[in-house]
Structures are given as structure tokens and as C-alpha cells.
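# Survey of secondary and tertiary structure
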Amino acid sequence: MNIYLVGGAVRDRLLGLPVKDRDWVVVGATPQEMIDQGFRPVGRDFPVFLHPQTHEEYALARTERKTGPGYTGFAFHAAPDVSLEEDLRRRDLTINAMAEHADGTLIDPFGGEADLRAGFLRHVSESFTEDPVRILRVARLAARYARQGFRVAHGTHRLMKQMVADGEVDALVAERVWTEMERALSEEHPRRFFEVLRACGALGRLMPELDALFGVPQPAHHHPEVDTGAHVLLVLERACELSADPRVRFAALVHDLGKAQTPRERLPAHHGHEARSVEQVQALADRLRIPRDYRELAVLVARYHSHCHRAAELRPAKILAVLEAVDVFRRPERFESFLLACQADALGRAGKQGEPYPQAERMRRAAAAARAVDAAPFADLPGPEVAKRLREARVEAISSLPS
């Protein structure tokens with residue numbers, strides 16, 4: 001029995017990055033031998049075991065063979081005669097197909113270390129095309145290692161385009177797509193995830209609402225970048241600078257989806273795009289089964305971001321209506337997330353990075369004034385009258401704020 005550290009732990013150690021999770025491959029063992037040594041079996045499709053002390057995953061070396069479409073159609077073979085190189089050959093990228101012996105010796109049969117130095121995301125073999133999830137993983141790693149300048153190798157990009165053309169990505173289930181997207185939104189540079197998907201054609205299949213924004217013009221005096229797709233990627237960048245919360249980043253990314261639905265004769269103006277954006281966000285969230293907290297924030301930003309941008313011009317009653325819609329009195333943390341996404345939108349325009357966004361402070365002061373209103377004087381009034389009088393008092397409090 002020989003045990004090797006494999007995958008991401010080897011890759012990140014060579015990059016000088018923190019190692020978060022460690023995975024191990026066991027060569028030359030049977031399931032019963034693992035159990036006899038105290039390992040606990042957890043794998044359903046192939047033999048995976050948890051170490052009795054560290055609880056890290058140890059998988060028996062295995063090969064795999066594609067038996068059907070999509071990412072679930074695989075047959076696995078795990079046996080003592082499967083070699084380490086055979087196990088590594090089934091992996092997606094060369095930088096993930098390295099192993100380390102207990103004595104620290106690097107086993108690198110496919111040139112992963114050289115690709116790490118060169119900054120290439122390169123497939124191990126043509127079997128890369130058998131699993132469409134690999135397209136999502138490549139895009140996510142491009143987002144993770146954007147700072148290091150990693151790029152998709154030309155041959156791998158070609159295979160990804162072919163997989164899209166062959167309909168492989170159409171077999172991906174919604175939950176898997178969202179899982180990878182959510183993880184990408186938590187990376188340092190998530191815009192690369194969407195750029196890589198768009199370059200190979202997968203974005204149009206997985207997020208057609210977002211893909212449709214590219215090539216849609218906006219008024220140049222408001223948006224020097226003109227292209228709406230370029231704008232939302234800039235907004236995503238600004239959101240990443242303002243917040244590490246993937247919900248804020250997602251809301252920033254999808255806030256303008258309705259602009260792809262603007263009638264051609266009205267371009268480059270997009271009057272009423274907010275309501276159309278809400279519809280598109282909800283359609284996207286339904287299809288990908290996006291969690292409720294992501295959906296709710298994204299809908300609020302899509303519907304009210306223009307209101308926030310015009311905070312200095314809005315009547316106090318309208319400001320209060322926005323505060324109520326965001327549920328600022330019960331969910332102040334969501335109100336802050338809303339403001340961050342709106343700020344990202346305002347700064348996500350060519351030449352606007354780093355500019356002030358006083359509208360956010362205006363909305364915060366309005367929220368504080370509304371919260372400070374004492375409801376006690378209305379306590380003895382009938383229920384509907386209490387709500388009416390409290391709202392009037394809050395509008396008055398917002399009105400009294402200095403402009």
C-alpha cells in the first residue's frame with residue numbers, strides 16, 4: 001500500500017498558497033484492507049474512506065470510463081493493480097494531476113509543474129471532454145488564479161468550445177451550475193469565470209440572460225464603456241472591491257439583465273429596464289434554483305438601483321417607500337448589502353472607479369431618521385391609523401434632514 005497527497009493541495013503548495021484541504025490516493029490496497037486499518041468508508045460510487053484521526057479523504061486509485069451523456073454517465077474501476085499514473089490521468093488539468101510521496105518527492109507525469117510556472121490551465125488528455133463540469137471548474141480556477149495570470153491553454157479552449165457545440169453543457173443540472181457559480185463569486189476575480197464561459201460559448205447556454213447583454217449599447221454620456229455586458233463586468237469588479245459577500249456580487253452582476261429586452265428602436269436608452277430586469281432575475285433564479293437570499297437581494301437591486309442613484313432628488317415619501325421595500329427596519333444588514341450593490345453599479349463605468357457615492361450616505365441618514373421616530377404616541381390609535389400616522393412621522397423626519 002502506497003499513499004500519495006494529490007490534487008489541489010500539491011498545486012497550491014507549489015504556488016506558495018495556503019493549503020485548505022488535503023486529498024489522498026491509496027495505491028495497492030483493497031477496501032477491506034482500508035477498513036481493517038480503521039478507515040471509515042463513505043464513497044457510494046467508488047471507494048473513498050475517512051482517516052480515523054484526521055478525517056481527511058483517502059480514495060483508492062481508480063480509472064473511469066464514460067458510459068453516457070453528461071457528468072453522471074461514468075463507470076469506475078478501483079483495484080490494487082490501478083497505478084498512480086492511471087489515477088492521475090483521469091483528472092481534468094495538468095496542475096491538478098500531480099502527486100507527492102510521503103518523503104516529499106513530486107510525481108508529475110503530465111507536466112503540471114511546468115504549467116504552474118507558465119500559468120496555463122491545460123487538460124491532461126482528450127478525456128477532458130467527457131465531463132462538462134470541467135468547463136465550470138476551468139472557469140472557476142481562472143477566477144481563483146487571475147492574480148497569478150493564469151489563462152486557458154489554446155487546446156483546452158478548443159475542447160471546451162467543442163463540448164458546448166456537442167451539447168455536453170446542456171446535460172448539467174441546475175444545482176451543479178449554481179454550486180460552481182457561487183464558489184466562483186467568492187473568488188478574488190469572479191469576472192474571469194464569466195469571461196471564460198463566454199469565450200467558449202457556455203455562458204449563452206447556462207446564463208443566456210447575462211450573455212445577451214454583450215453588444216447591447218447604452219448612452220455614452222452615462223456609460224463611456226457603452227456595451228452593457230462590459231458594464232456589468234465592471235460592476236462586478238467594483239462589487240468585489242466593496243464586499244466579499246457573494247450575494248452582493250451576484251446582485252451587482254445581474255442588476256441590469258432587463259436591458260437585453262429593450263426594444264431595438266429605443267436603444268441606446270433603456271427606460272423601464274428595472275421592471276424587465278426583475279423578470280429576468282426571477283427567471284434566472286428559477287432555472288438555476290438560486291437560494292432565496294441571493295434572489296431577494298438581486299430583485300431589490302434590480303428594481304430600486306435607479307432610485308438609490310437619485311436619492312438626492314427623490315421626495316421623502318419615495319425614499320421611505322424604498323426603505324420599506326428593502327425592509328430596513330427589520331433587516332438592516334440587507335439594506336447595507338443593497339447600498340453596496342448600488343454603489344458598485346454607480347462606479348462600474350469607465351473612468352468612474354474610486355469616485356464618491358454620496359447617495360449611500362443620504363439613504364443611511366434617511367433610514368436612521370425613520371428608525372428614530374417614536375411610535376409610542378400612536379399606541380392608543382386603531383391599528384390602521386397607527387401605521388398611517390407612523391408613516392407620516394417618518395416622512396416628516398426624512399424631510400427635516402439637511403440636503
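Use the structure listed above.
Summarised in this report is the structure supplied together with it.

With that settled, consider the overall build of the protein chain. Secondary structure assignment for the protein chain yields 18 helices and 11 strands. Counting only C-alpha atoms, the protein chain reaches 80 × 50 × 40 Å along its principal axes. Within the protein chain, contacts between residues separated by at least 24 positions form 65% of all contacts whose residues are at least 6 apart in sequence. Where the 56 positive side-chain charges of the protein chain centre and where its 58 negative ones centre are 5 Å apart.

A few words now on the pattern of salt bridges. Side-chain pairs of opposite charge can arise where the charged atoms are in close proximity. All told, the structure shown has 34 salt bridges when counted by the stated rule. Where E241 meets R238, a salt bridge forms, and the shortest distance between an N and an O atom there is 3.0 Å. Highlighted residues: E241 and R238, both in helix 11 (residues 228-242), separated by 3 residues, approximately one helical turn. With a relative accessible area of 6%, R238 lands in the buried category. Notably, a salt bridge pairs D245 with R247, separated by 3.0 Å at the nearest N-O pair. Residue D245 is classed as buried on the basis of its relative accessible area, which comes to 18%. Beyond isolated ion pairs, a larger network of salt bridges with shared partners links R191, R192, E195, E237, R238 and E241.

Attention now moves to the environment of R247. The residue R247 is located in helix 12 (residues 246-254) in this model. Of the residues examined, R247 reaches a relative accessible area of 33% and is grouped as partly exposed. When the C-alpha atoms of R247 and S186 are compared, they prove to be 9.3 Å apart, with 61 residues separating the residues in sequence. Once residues within four sequence positions are removed from consideration, R247 is found in contact with D293, Y294 and L297.

Turning to unusual backbone geometry, a few remarks are in order. With an omega of 10 degrees, the peptide bond running from L267 to P268 counts as cis. Following the sequence through the fold, P268 ends up in the loop between helix 12 and helix 13 (273-288). The backbone phi angle of H55 is positive, close to 65 degrees, even though this residue is not glycine. By relative accessible area, which is 52% here, H55 ends up exposed. Backbone geometry at R289 places phi at a positive 55 degrees, although glycine is not the residue there. Here R289 shows up in the loop between helix 13 and helix 14 (292-309). On the accessibility criterion, R289 (57% relative accessible area) is exposed.

Under the counting rule described, the total for this entry stands at 7 aromatic pairs. Ring centres of W178 and F250 lie 5.5 Å apart, and the angle between their planes is 80 degrees; on these two criteria the pair is classed as edge-to-face. Taken as a pair, W178 in helix 7 (residues 174-185) and F250 in helix 12 lie far apart in primary sequence, 72 residues in all. Here W178 falls in the buried class, since its relative accessible area comes to 5%. In this structure F250 comes out as buried when scored by relative accessible area, which is 1%.

The rules we used
- Residues numbered from 1 in each chain as written.
- Predicted model: local features only at pLDDT ≥ 70, side-chain atom pairs only at ≥ 80, totals over all residues.
- Heavy atoms only, no water.
- Helix = DSSP H or I, 4+ residues; strand = E, 2+ residues; numbered from the N terminus.
- Contact = heavy atoms within 4.5 Å.
- Lys, Arg positive; Asp, Glu negative; His and termini not counted.
- Charge placed at Lys NZ, Arg CZ, Asp CG, Glu CD.
- Salt bridge = Lys/Arg side-chain N within 4 Å of Asp/Glu carboxyl O.
- Buried < 20%, exposed > 50% of the residue type's maximum accessible area, 1.4 Å probe, protein only.
- Phe/Tyr/Trp six-rings, centres within 6.5 Å; stacked < 30°, edge-to-face > 60°.

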